[in-house]
Amino acid sequence: MSEPEAGYPAIERVQTGIRLEKRLLKVLKALAEYKDMTLGDLIEGIALHALEGKSPFEEATLAHARDLKRIYALDLKASDSHRLAEAASPVARTSMSTRKRKVNP
């Protein structure tokens, strides 16, 4: 572990296995690449800004994010955030349809 730069807070990062909506993750990864930072650094920055009620991005970055949302067909909005429902996985749909076919009348 390297020493923190002078004037920077020393922190401890932990590995986590968060689940995100597929298209949202694609947009975030592309945005991190655009900003030349890791996905973790991007998410940390977004969270820290949000917790202070600040926007994490300047207008140029927001414009790029809008383009990425269009490219990856991300049509979700902030108002959708607590109303998302998991779609059935292809495996679950396949096994369900298999079970239906095996039922004898």
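Residues numbered from 1 in each chain as written. Predicted model: local features only at pLDDT ≥ 70, side-chain atom pairs only at ≥ 80, totals over all residues. Heavy atoms only, no water.

Peer 1: Would you mind going over the confidence of the model for the protein chain in detail, with residue names and values included?
Peer 2: Residue-level pLDDT values for the protein chain average 88, and 83% of them are 70 or greater. Across the protein chain, the secondary-structure element scoring lowest on mean pLDDT is helix α4 (residues 90-102), at 56, and the one scoring highest is helix α1 (residues 22-34), at 98. (pLDDT = per-residue confidence, 0-100. Helix = DSSP H or I, 4+ residues; strand = E, 2+ residues; numbered from the N terminus.)

Peer 1: Can you tell me about the side chain of Asp80, naming the residues and giving the values?
Peer 2: If you trace the backbone, Asp80 turns up in the loop between α3 (59-71) and α4. Here Asp80 falls in the buried class, since its relative accessible area comes to 17%. A distance of 2.9 Å separates a polar atom in the side chain of Asp80 from a polar atom in the side chain of Arg83. (Buried < 20%, exposed > 50% of the residue type's maximum accessible area, 1.4 Å probe, protein only. Polar contact = N/O pair within 3.5 Å; in protein donor to acceptor, adjacent residues only side chain to side chain.)

Peer 1: Which residues make up the pattern of salt bridges, and what are the values?
Peer 2: Here the idea is simple: oppositely charged side chains can pair when their charged atoms come close. Evaluated as defined, the whole model comprises 8 salt bridges. Close ionic contact of Asp75 with Arg23 constitutes a salt bridge, the shortest N to O distance being 3.1 Å. Of the two residues, Asp75 sits in the loop between α3 and α4 while Arg23 sits in helix α1, which places them 52 residues apart along the sequence. Here Arg23 falls in the partly exposed class, since its relative accessible area comes to 23%. Notably, a salt bridge pairs Asp80 with Arg83, separated by 2.9 Å at the nearest N-O pair. Under the relative-accessibility criterion, Arg83 is labelled exposed at 61%. Each of Arg13, Asp41 and Glu44 takes part in salt bridges that share partners, so that together they form one network. (Salt bridge = Lys/Arg side-chain N within 4 Å of Asp/Glu carboxyl O.)

Peer 1: Describe the packing of α1 against α3, with residues and values.
Peer 2: It is at 10 Å that the axes of α1 and α3 come closest, and there the two elements cross at 140°. Judged on the interaxial angle alone, α3 and α1 are oblique. Crossing geometry of α1 relative to α3 is assigned as right-handed. Between α1, through Val27, Ala30, Leu31 and Tyr34, and α3, the contact on the second element is made entirely by Ala60, Thr61, His64, Ala65, Leu68 and Lys69. Classifying every residue of the contact of α1 with α3 gives 7 nonpolar, 2 polar and 1 charged. (Axes fitted to C-alpha atoms, helices over the stretch in contact; angles between N-to-C directions. Parallel < 35°, antiparallel > 145°, perpendicular 65-115°, else oblique. Left-handed = near helix turned anticlockwise from the far one by under 90°. Contact = heavy atoms within 4.5 Å. Nonpolar A, V, L, I, M, F, W, Y, C, P; charged D, E, K, R; others polar.)

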